[in-house]
Amino acid sequence: MLGAIARRLAASAATLIAVIILAGLLIHIVPGDPVTAMMAQSVTATPEVMAEMRRHLGLDLPVWQQVGLYLFHVVQGDLGLTIRGNEPVLTLLIQRLPNTFMLAVSGLGVALAIGLPLGFVAALNRNGLGDSVVMLIAVLGVSIPSFWLGLVLLQVFSLDLGWLPVAGSGWRNMILPALTLGVTYSALVARMTRSTVIEILGEDYVRTARARGLREWQVLSIHVLRPALINIVTVVGLVFAYLMGGQVIIENVFSWNGIGRLAIQAMLQRDYPLIQGFIIVFASSVVLVSVVLDILYRILDPRLSRP
Amino acid sequence: MYSGCHGFLLPTTVRRALARVVLAGVSSIVLGHGAARAADAPALVVARSVDADNLDPQKTANTQSLQITNLVFDTLLTMARDGSIHPGLAESWTAAPDGKSYSFILRDGLTCHDGTVFDAAAAKFSVDRAVNPETNNPNSAAWGPITATSVDHNTLTVNLSAPYAPFPAFLTSIQAAVICPSSVVGTAFKPIGTGPFKLVSWTRNDRITLEANPAYRNFNPLITNPGAPHIAKIEFAVIPEAVARMAALRSGEVQMAEPSLEETADLSKDKNFRVYASDLSGQQMVMAFTWKIKPLDNPDVRRAIGMALNRDAYRDIAFQGLVSTADCPVAPHLPATDEALCRSYGVSYDPVAAKALLAKAGYGPDKPLKVILSVHKLPGWDEMHQIMQQDLATIGVQADIETREVAAFFDHMKGENERTTGTPVVWTMGMSGVDPDYLSFLWKRPGFVNMGIGPELDGMLEDQRRLSGAARTEKIHEIDKYLLQNAYAVPLLSPGWGWLMASTTKVEGFKMGFMVSLLFNDVTVAP
C-alpha cells in the first residue's frame, strides 16, 4: 500500500509541475498587459514610464523566460510578489486560506446534511412521491445559479429580516455563504447518493442479507451504507475541491475575505503572480483531495490494496 | 489496518499543523473581527466596490488608492472650486520669471502622524522620491521636467529644465501627495503623512481603517473645518457586489456606499438617503477616431458622426441624468475651460445636417459607411454605446460595437490608432485631471495609446506649458478650437466613472473634491 501511495504522490507532484508551467503559459494568452491595466486610469503615464515599469516587473522578458523563472522560484516555495502592492503572494494566500477552508468545510457540511438524507430517502422510495420531490429539489439546486441564490438570501436574511450581516468575515457572516454553497452542492450529493444506494440495493448480497432475515435497518447500515460510502466519499472529495477553488463568486457576493475574492481582484487587475498563485493553490487542493480519496478508497475497500 | 493507516495518513506533526491552521482560522474569524467590532465601533463605515491597490501615492495611478492616500497625505498647494490655486503645506510660492524655477515656503509647526517634523527638507525628500526613476511613479511625468531640488531654511526650490505652467495646479492634485520621510524605510513603505487621517490598518481586499489626526490643520478651501476631522474613525469596507453594497447601506451596516448607477436613481428619491455626484471630478468623456484610416481622415465625416450623437439622451437615459453634457475636450470647472466657447467650435446634434455631410463625402443609403465602435465596459457607458449605435444608424452609419475589458481595450487601441487601412474605428474614452495640460498627455505625439495628431498641435501643446495667465488660457482655447473644429475629438459627457456616493441621512458634511477625492473633514454622523 505504501508503494502505491508513493507512486500516487510522485504522479501528483508531476501534475502540479505541469499545472505551474501551464498556468505560466496560459496567463499570457489573455489580452491586455498588467501595466496597461494599472495605468488605465492615468493618461499621464507616458510610454517611457510604462516601459520602465514593464522592465521593473520583468514583463519585458520573453514568455518562456518568465515561465522558467517562475517555475524555478515556485519549486523553492517562492510564489513571487504581487504586481499591485509588491506583497508576497504566498503570504497573501496563506492569510486568506483559513477563511476559504472554513467556508469550504461549512459549505460541505451543509451539502452533506441536506444531500445525504435526501439521497437515501429518494433511493428507498424509488419512483415514489418522496423520490420525485427529492429529485425536483435536486434539479432546482443544480439549476439555480449560486450567486442568485446568494443575493436572494442576502435580501431576505440581511435586509428584510435583519438577522445576519451583509458583508465581512466574522462567524455570523459565514452562515449565508455556507448555506448558499451547501444548497447548491447538496443537489449533487443527493443525486449521487440516490443512484449509488439504488445500485447497491439491487446487489445479490443485499438480497441475500434480506433472505437471511436481517432487519431492514441492519441491511441498510451494514450492507448498503458501507459500500455506498466509497462513491459518496468521491463526491465529498470532489465537492470539497470545488469549494476550495470554486467559491470565487460566492466569496465576492458575500464579501468573504478568502482566496477566491483575492483571485477575482487579481484577475481584474491582471496581477499575474497572484493569479498564478491562486491556480497553484486550487490545483494543489484538487490534487491533495484526489490523493486523500485514493487512500480512503483503499481503507474502505481493502480489495484495492491487495497485490 | 485502520489504525495503521490513520497513523500513516495523519502523523502527529501533520495533525498538529492541521490543527494550527484550523485554529488560526477559527480564532481569526471568531476573535479577530468579533472582538474588534464589539470593543471599538467605527464612527463611519464606507463601502466601496474595490480596494486600494497601493497606499504609496507615488506608486499608484489608481483612483481608489489615491482616494485613501489623499486622506493620509496633504499637498503643497490646494485648489478652490473655481480652479484658483491656494496655499497648502506651503504657505506661499513664487515662480521665477523664466518659469523654470518655483520656490515654496513651508508652514511652521507642521508635524507628521508619527510626530516627526514636516519641513522643507521633508518636502524635498518627497518630491525627489516622486520623480526618481527608481520609484517607478506612474505619475512622474505629470511632475514636469524637474532637474533639481534644494532647501534653504524653510524654503523648497524646485528647478525645471523647461517652463511647466501646469506645475502649481498639479501640486494640488491627489497624485501630488507629499509623504513624510519616515514613510520610507529601505524598500518598505508605511503611509505616514500630515493629512487629516492616520492609517490604522489595512487588510487587503477587505478593510482599511483610518483614525482622525488630532493635530490636523486644514488648508484646503473646499473644506470648512479648520482642525481635526469631527469623526474619530473611518473604515473603508470592500463589498464588490453592488447589490450587497446597497443592502449594507439600507440595513445600516454601513453609513456610506458607492451606489450602482441603477440604485442611485432610487436612492435619490428616498428621503432616508443622500446621493452625491462629484461636480469637480475633472473627468471628461470624448469620442475619438482612427483618423488615419479613410474616410475618417475627412473632417466632414468625423463632424457628421459627431452631429449624429444625441448627448442629451446619453445623459438622461444611459446615465439617469446624473452627469452633464460637456462641450470642451477637457472637463468643466478646470482652469481655462470655457464651455460656451467650445460649443461655438464644436458640432451639435443635427442628424439632418449629418446626413448631408455624409452624402457630400459619398455615403448614403446605397453606400453606407461601416465603422467599428470600439469601447470598454463601464456602467452607463454600455447603454450609451447602444444608443450611439442607433444614432449612427439614423444617419446611415453601420457601427459594429466591439466591447473589451479596459486593459485589453487600451492595448487594442494602441494598434488601431496606428492603422492606416481597414475598417475605420470610432471609439470612446475618458480622462481626468486638475489642469487642461492633460491634453498634452493625450494628444501630443505619440500620445495616449498613440492618439497624437501632428506637429501643429504638438507645438500648441508645448506652448501652453511655457505660458501663464491669460496667454496660457488663450493658447488652451486655441487647442480646444483645433481639436473641435477638426473634429478630432467630440466631447460627450462629464463626469463618467466612480463619481457617485450615497449615504444615510445620518451623515452630514460629506464632499467630493477634485478627481473624485473624498473629503471627510466636515463629516458628522448622527447617532
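Since this is a predicted model, take the numbers as computed values, not measurements.

1. Some remarks on the overall build of chain A
Now for step 1: The helix and strand inventory of chain A stands at 13 helices and 0 strands.
Now for step 2: Going from N to C terminus, chain A has its helices and strands arranged as α-α-α-α-α-α-α-α-α-α-α-α-α.
Now for step 3: Seen through its C-alpha atoms, chain A measures out along the principal axes to roughly 85 × 60 × 30 Å.
Now for step 4: The contacts of chain A with a sequence gap of at least 6 include a subset with a gap of at least 24, amounting to 76%.

2. As for the sheet that holds strand E15 (residues 283–289) of chain B
All names here are of chain B.
Now for step 1: One open sheet holds the 5 strands; their spatial order is E18-E17-E19-E15-E20, and the pairing between them is mixed. At either end of the open sheet lies a strand with only one pairing partner, and these are strand E18 (397–404) and strand E20 (489–491). Neighbour to neighbour, the strand axes of the sheet diverge by 30 degrees on average, direction disregarded.
Now for step 2: Where E15 and strand E19 (residues 425–432) come together, 7 bridges link them in antiparallel fashion. Across the sheet, methionine 285 pairs through a bridge with glycine 430, a residue of E19.

3. Things to note about the packing of helix H15 (residues 455–466) of chain B against helix H16 (residues 469–485) of chain B
Residues and elements named next belong to chain B.
Now for step 1: One way to put it is that H15 packs onto H16 with a least axis distance of 9 Å and a crossing angle of 155 degrees. On the basis of the axis angle, H15 is roughly antiparallel to H16. Our pair here, H15 against H16, has a crossing hand that is left-handed. Taking contact as the criterion, the partners of Leu457, Met460, Leu461, Asp463 and Gln464 in H15 are, on H16, Arg472, Lys475, Ile476, Glu478, Ile479 and Tyr482.
Now for step 2: When its residues are assigned to classes, the contact of H15 with H16 shows 6 nonpolar, 1 polar and 4 charged.

4. Some details on the sheet that holds strand E14 (residues 273–277) of chain B
Residue and element names in this part refer to chain B.
Now for step 1: Ordered in space as E10-E11-E12-E1-E13-E22-E14, the 7 strands form an open sheet in which the pairing is mixed. The sheet terminates laterally at strand E10 (197–203) and E14, the two strands that pair on one side only.
Now for step 2: Of the pairings in the sheet, the one linking E10 to strand E11 (residues 207–212) comprises 6 bridges and is antiparallel in character. Within E11, the residue paired with serine 201 across the bridge is threonine 209.

5. Notes on the environment of Arg445(B)
Residue and element names in this part refer to chain B.
Now for step 1: You can see arginine 445 is positioned in the loop between helix H14 (438–443) and H15.
Now for step 2: Note on arginine 445: 13 C-beta atoms within 10 Å, which makes it partly exposed.
Now for step 3: For the pair formed by arginine 445 and leucine 457, sequence separation is 12 residues and the distance between their alpha carbons is 9.0 Å.
Now for step 4: Contacts of arginine 445, omitting those with residues within four sequence positions, involve Gly452 and Asp458.

6. Concerning the domain arrangement of chain B
Residue and element names in this part refer to chain B.
Now for step 1: Per the domain assignment, the segments of chain B are domain 1 (12–262 + 499–525) and domain 2 (284–494).
Now for step 2: Between the C-alpha centres of domain 1 and domain 2 the distance comes to 33 Å.
Now for step 3: Contacts between the two partners involve 16 residues from domain 1, matched on the other side by 18 residues from domain 2.
Now for step 4: When grouped by side-chain class, the residues that make up the side of domain 1 that touches domain 2 number 11 nonpolar, 5 polar and no charged.

7. Regarding the nonpolar core
Now for step 1: If you look at the biggest cluster of nonpolar residues, it comprises 227 residues, and the most contacted ones within it are Val239(A) and Ala248(B).
Now for step 2: The element that contributes the greatest number of residues to this core is helix H5 (residues 89–124) of chain A, accounting for 16 residues.
Now for step 3: Residue assignment places this core across two domains, with domain 1 (12–262 + 499–525) and domain 2 (284–494) of chain B each supplying three or more.

8. Overview of unusual backbone geometry
Residue and element names in this part refer to chain B.
Now for step 1: Cis geometry marks the peptide bond from lysine 294 to proline 295; its omega dihedral reads -5 degrees.
Now for step 2: Mapped onto the secondary structure, proline 295 falls in the loop between E15 and helix H8 (299–307).
Now for step 3: Proline 446 follows arginine 445 through a cis peptide bond whose omega is 0 degrees.
Now for step 4: Structurally, proline 446 is set in the loop between H14 and H15.
Now for step 5: With phi around 55 degrees, alanine 487 is a residue other than glycine that occupies positive phi space.
Now for step 6: Structurally, alanine 487 can be placed in the loop between H16 and E20.
Now for step 7: With a phi close to 45 degrees, valine 516 is a non-glycine residue in the positive phi region.
Now for step 8: Within the secondary structure, valine 516 sits in the loop between strand E24 (511–512) and strand E25 (518–519).

9. Some remarks on the packing of helix H7 (residues 146–160) of chain A against helix H6 (residues 242–251) of chain B
Now for step 1: Two numbers describe how H7(A) lies on H6(B): the axes approach to 10 Å, and their chain directions differ by 5 degrees. With respect to H6(B), the element H7(A) is oriented roughly parallel. Contacts between H7(A) and H6(B) pair Leu151(A), Leu154(A), Gln155(A), Ser158(A) and Leu159(A) from the former with Val243(B), Ala244(B), Ala247(B), Arg250(B) and Ser251(B) from the latter.
Now for step 2: Its residues assigned to classes, the contact of H7(A) with H6(B) shows 6 nonpolar, 3 polar and 1 charged.

10. Structural notes on the environment of Gly182(A)
Residue and element names in this part refer to chain A.
Now for step 1: Following the sequence through the fold, glycine 182 ends up in helix H8 (residues 171–201).
Now for step 2: The buried category is assigned to glycine 182, around which 23 C-beta atoms lie within 10 Å.
Now for step 3: Spatially, the C-alpha atoms of glycine 182 and glutamine 76 are 36 Å apart, while their sequence positions differ by 106 residues.
Now for step 4: Contact partners of glycine 182, with chain neighbours within four places excluded, come to Gly107, Val110, Ala111 and Ile114.

What counts, and at which threshold
- Residues numbered from 1 in each chain as written.
- Chains lettered and ligands numbered in written order.
- Predicted model: local features only at pLDDT ≥ 70, side-chain atom pairs only at ≥ 80, totals over all residues.
- Helix = DSSP H or I, 4+ residues; strand = E, 2+ residues; numbered from the N terminus.
- Contact = placed C-beta atoms within 7 Å.
- Pairing = 2+ DSSP bridges.
- Axes fitted to C-alpha atoms, helices over the stretch in contact; angles between N-to-C directions.
- Parallel < 35°, antiparallel > 145°, perpendicular 65-115°, else oblique.
- Left-handed = near helix turned anticlockwise from the far one by under 90°.
- Nonpolar A, V, L, I, M, F, W, Y, C, P; charged D, E, K, R; others polar.
- Buried ≥ 20, exposed ≤ 12 C-beta atoms within 10 Å, placed from the backbone.
- Domains from an automatic or database assignment.
- Core = buried A, V, L, I, M, F, W, Y, C linked by C-beta atoms within 7 Å.

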